[in-house]
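Below are the chains, spelled out letter by letter.
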Amino acid sequence: MNNYFIILAAGKGRRFKQNKPKQFFNYNGKMLINHSIDKALESKLFKKIVIVASKKYKKYFKKYRKNKILIVNGGKERKDSSINALKRIKNFKPKYVLIHDAARPDFSIKLLRNLTNYVKKYKVVIPVISSNDSIKYKIKNKIFNLERDKSFLTQTPQAFSFKELYKLAIKQKKNITDEAALFINHNYKIKFISGENLNKKITYLDDIKTPKTYFGIGFDMHKLVKNKKLFLGGIKIPFHSGLKGHSDGDVILHAVIDSILGAVQKKDIGTYFPSNNKKFKSIRSPKMLKPILDNIRKENYYINNLDINLICENPKVSKYRKKIIGSLSKIIGLNNNKINLKGKTVEKLGLIGKEKAIACEVIVSLIKYD
Ligand code: ZN
């Protein structure tokens with residue numbers, strides 16, 4: 001067994017339209033690229049698995065045992081990434097190498113076995129499937145129909161004799177869509193085997209999953225007392241009194257925290273910041289929100305929008321709305337057009353009406369990609 005498995009994962013996935021490339025998104029319970037790594041490990045067909053990724057995503061692979069996994073920096077184009085990997089393993093004198101796109105998580109271990117078997121005889125083995133959709137092509141502005149029974153689609157992983165692939169790849173100037181193209185361009189004899197219909201390339205977010213939505217509700221109320229600063233939504237608001245509390249008494253942020261905890265079914269703010277714990281005495285509320293946000297992000301939740309009712313006679317919400325929303329937007333990392341703040345008075349009734357207390361209620365919607 002002198003096989004190496006190269007996974008190309010340096011692509012930026014521009015068509016995917018997210019802040020990180022698709023290969024690092026959760027797909028059916030784990031990171032998209034981990035499906036390929038885990039199957040290659042499980043197959044026990046490979047001496048080493050080579051992951052080609054951009055530097056800043058290397059941290060994602062810490063959990064794997066180092067002696068089986070090599071991580072190589074990606075290049076500018078696909079061909080550069082592939083050459084980086086081939087150069088990196090050259091000294092190990094590999095006999096066969098499989099090259100695979102991280103965006104195809106659903107191949108089977110059986111396919112890996114077929115590829116590693118056939119490549120011993122044929123040097124170049126490419127899995128293909130027939131096209132269900134009709135394909136057209138253009139030559140000099142004329143459109144032609146590709147005959148469906150004479151056309152097929154290539155997939156990865158693709159298997160090669162290392163020597164042949166290295167020789168061609170080093171010479172290759174133009175960027176290629178896959179290594180099969182390299183051999184086709186040089187008129188090599190290629191063994192085509194049956195690919196797998198399930199082994200699709202994930203290109204768009206819709207391919208991965210439809211997000212689930214979760215809602216949470218939060219409420220809070222604090223007494224107003226003299227000689228205290230008033231904090232609302234993380235900023236100081238000039239007022240005759242401030243909100244009494246173990247912390248800075250920021251009713252907006254407390255209600256936001258409870259709404260988020262509600263949406264992710266993680267109890268309430270008092271569970272994480274008990275008021276009898278001296279550690280949290282006079283804590284600023286943005287510091288309470290931060291660890292909650294960090295935790296939900298780890299679980300792939302994203303805040304979709306916030307709707308806030310601030311219930312008080314004074315200060316007037318209309319006067320501070322922009323400032324408070326700006327502050328919330330910064331603290332939460334959510335666009336300010338996703339945050340709505342309403343002011344609600346109570347016709348001078350009760351504690352709130354007499355400016356002795358301020359209350360706040362919040363509804364949050366979260367989305368999660370499973
Ligand atoms: Zn509170």
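Reading the values: the criteria
- Residues numbered from 1 in each chain as written.
- Predicted model: local features only at pLDDT ≥ 70, side-chain atom pairs only at ≥ 80, totals over all residues.
- Heavy atoms only, no water.
- Donors = N, O, S within 2.8 Å, 3.2 Å for Na, K, Ca; no water.
- Helix = DSSP H or I, 4+ residues; strand = E, 2+ residues; numbered from the N terminus.
- Buried < 20%, exposed > 50% of the residue type's maximum accessible area, 1.4 Å probe, protein only.
- Contact = heavy atoms within 4.5 Å.
- Phe/Tyr/Trp six-rings, centres within 6.5 Å; stacked < 30°, edge-to-face > 60°.
- Lys NZ or Arg CZ within 6 Å of the ring centre and 35° of its normal.
- Disulfide = S-S within 2.5 Å.
- Axes fitted to C-alpha atoms, helices over the stretch in contact; angles between N-to-C directions.
- Parallel < 35°, antiparallel > 145°, perpendicular 65-115°, else oblique.
- Left-handed = near helix turned anticlockwise from the far one by under 90°.
- Pairing = 2+ DSSP bridges.
- Salt bridge = Lys/Arg side-chain N within 4 Å of Asp/Glu carboxyl O.
- Expected span 1.5 Å × (residues − 1).
- Core = buried A, V, L, I, M, F, W, Y, C linked by side-chain atoms within 4.5 Å.

> When you look at the coordination of the zinc ion in this model, what are you seeing that I'm missing?
Around the zinc ion, the donor atoms from the protein are Asp220 (OD), His222 (NE2) and His254 (ND1), and they sit 2.0 to 2.1 Å away. Between the donor residues of the zinc ion, the gaps in sequence give the motif D-x1-H-x31-H. Of this pair, Asp220 sits in strand S13 (residues 212-225) while His254 is found in helix H7 (residues 251-263), placing the two residues 34 residues apart along the sequence. His254 shares its class with Asp220; the two are buried.

> When you look at helix H4 (residues 162-171) in this model, what are you seeing that I'm missing?
Three- or four-residue spacings in an α-helix give side chains the same orientation, since the helix completes a turn every 3.6 residues. Along H4, the residues classified as buried are Phe162, Glu164, Leu165, Tyr166, Leu168 and Ala169. Among the structural elements, helix H2 (78-89), strand S6 (96-101), strand S11 (158-161) and helix H5 (179-185) are those in contact with the buried residues of H4.

> Mind showing me how you'd approach the packing of aromatic side chains here?
Aromatic rings in a pair are described by how distant their centres are and how their planes are angled relative to each other. In total, this model carries 14 aromatic pairs according to the counting rule given. Consider the rings of Phe5 and Phe46, whose centres lie 4.9 Å apart with planes at 40 degrees: the pair is tilted. Of the two residues, Phe5 is situated in strand S1 (residues 3-8) and Phe46 in the loop between helix H1 (32-43) and strand S4 (48-53); the sequence distance between them amounts to 41 residues. With relative accessibility at 2%, the residue Phe46 sits in the buried group. For the pair Phe273 and Phe280, a centre-to-centre distance of 5.0 Å together with 75 degrees between the ring planes defines the contact as edge-to-face. Positioned above the aromatic ring of Phe92 is the side chain of Lys48, whose terminal nitrogen or guanidinium carbon lies 5.6 Å from the ring centre. Stacked on the ring of Tyr60, the Lys or Arg Lys59 has its end atom at 5.6 Å from the ring centre.

> Any chance you could explain the state of the cysteines here in plain terms?
One covalent bond between the sulfur atoms of two cysteine residues makes up a disulfide. On inspection of all chains with the given rule, the structure shows zero disulfides. Distance from the sulfur of Cys312, which forms no disulfide, to the nearest cysteine sulfur (Cys360) is 9.2 Å. Given the relative accessible area of 3%, Cys312 is considered buried.

> I would appreciate a short explanation of the packing of H7 against helix H10 (residues 317-332) in the present structure.
In a packed pair of helices, the relevant descriptors are the angle between the two axes and the axis-to-axis distance. Running from amino to carboxyl end, H7 crosses H10 at an angle of 45 degrees, the nearest separation of the two axes being 12 Å. Judged by the angle between their axes, H7 and H10 are oblique. As for the relative orientation of H7 and H10, their crossing is right-handed in sense. Of the residues in H10, those touching H7 at Ile252, Leu253 and Val256 are Ile324, Leu328, Ile331 and Ile332.

> It is not clear to me how the sheet that holds strand S19 (residues 357-368) should be interpreted in this structure. Could you clarify?
One open sheet holds the five strands; their spatial order is S16-S13-S19-S17-S18, and the pairing between them is mixed. Both outer strands of the open sheet, strand S16 (242-243) and strand S18 (339-344), are each paired with one neighbouring strand and no more. Pairing of strand S17 (residues 301-311) with S19 involves 10 bridges; the strand directions are antiparallel. Following the sheet pairing, Ile311 is matched in S19 by Ala359.

> I tried to follow the pattern of salt bridges on my own but got confused; where do I start?
Inspection of the entire model under this criterion finds 10 salt bridges. Asp101 is paired through a salt bridge with Lys201; the nearest N and O atoms lie 3.7 Å apart. A residue pair is termed long-range when its members are at least 10 positions apart, and Asp101 in strand S6 and Lys201 in the loop between strand S12 (191-194) and helix H6 (205-208) qualify at 100 residues. On the basis of relative accessibility, which here comes to 10%, the residue Asp101 falls in the buried class. Among the residues examined, Lys201 registers a relative accessible area of 39% and is labelled partly exposed. A salt bridge links Asp248 to Arg284; the nearest nitrogen and oxygen atoms lie 2.8 Å apart. Placement of Asp248 in the loop between S16 and H7 and of Arg284 in the loop between helix H8 (269-272) and helix H9 (285-298) is noted, with a sequence separation of 36 residues between them.

> Looking at this structure, how should I read H7?
Between its first and last C-alpha atoms H7 spans 18 Å; for 13 residues at 1.5 Å apiece the expected length is 18 Å, and the two agree. Judged by how many residues are buried, H7 sits mostly within the fold: 12 of 13 residues are covered. What H7 keeps buried is the set Val251, Ile252, Leu253, His254, Ala255, Val256, Ile257, Asp258, Ser259, Ile260, Leu261 and Ala263. In the segment just after H7, Gln265 is the residue with positive phi, at about 55 degrees.

> Looking at this model, I keep getting lost on the nonpolar core. Mind explaining?
Note that soluble globular proteins tend to have their nonpolar side chains buried in a common cluster. Ranked by size, the top nonpolar core spans 44 residues in total, and within it Leu232, Ile252, Ile260, Ile303, Leu310 and Ile332 carry the most contacts. Secondary structure elements with two or more residues in this core: strand S14 (230-232), H7, H9, S17, H10, S18 and S19. Here this core gets nine residues from one element, more than from any other, and that element is H7. Residues within four places of Leu310 in sequence aside, it is in contact with Leu232, Val251, Ile252, Val317, Leu341, Lys342, Gly343, Lys344, Ile358, Ala359 and Cys360.

> Looking at this structure, I do not really get the pairing of S1. What am I missing?
Strand residues, when the strand is regular, have side chains that alternate between the two faces of the sheet. Among the six residues of S1, six are classified as buried, and the element is accordingly described as predominantly covered. Every second residue of S1 is oriented toward a common face, with Asn3, Phe5 and Ile7 on one face and Tyr4, Ile6 and Leu8 on the other, all of them buried. Summarising the sheet, S1 and S4 pair through five bridges and their orientation is parallel. Looking at the pairing, Ile7 lines up with Ile51 of S4.

> Can you help me understand the environment of Glu196 in this one?
Inspection of the secondary structure assignment puts Glu196 in the loop between S12 and H6. Along the sequence, Glu196 and Pro157 sit 39 residues apart, while their C-alpha atoms lie 11 Å from each other. The residues touching Glu196, leaving out its near neighbours within four places in the chain, are Asp106, Phe107, Ser108, Leu111, Ile129 and Gln155.

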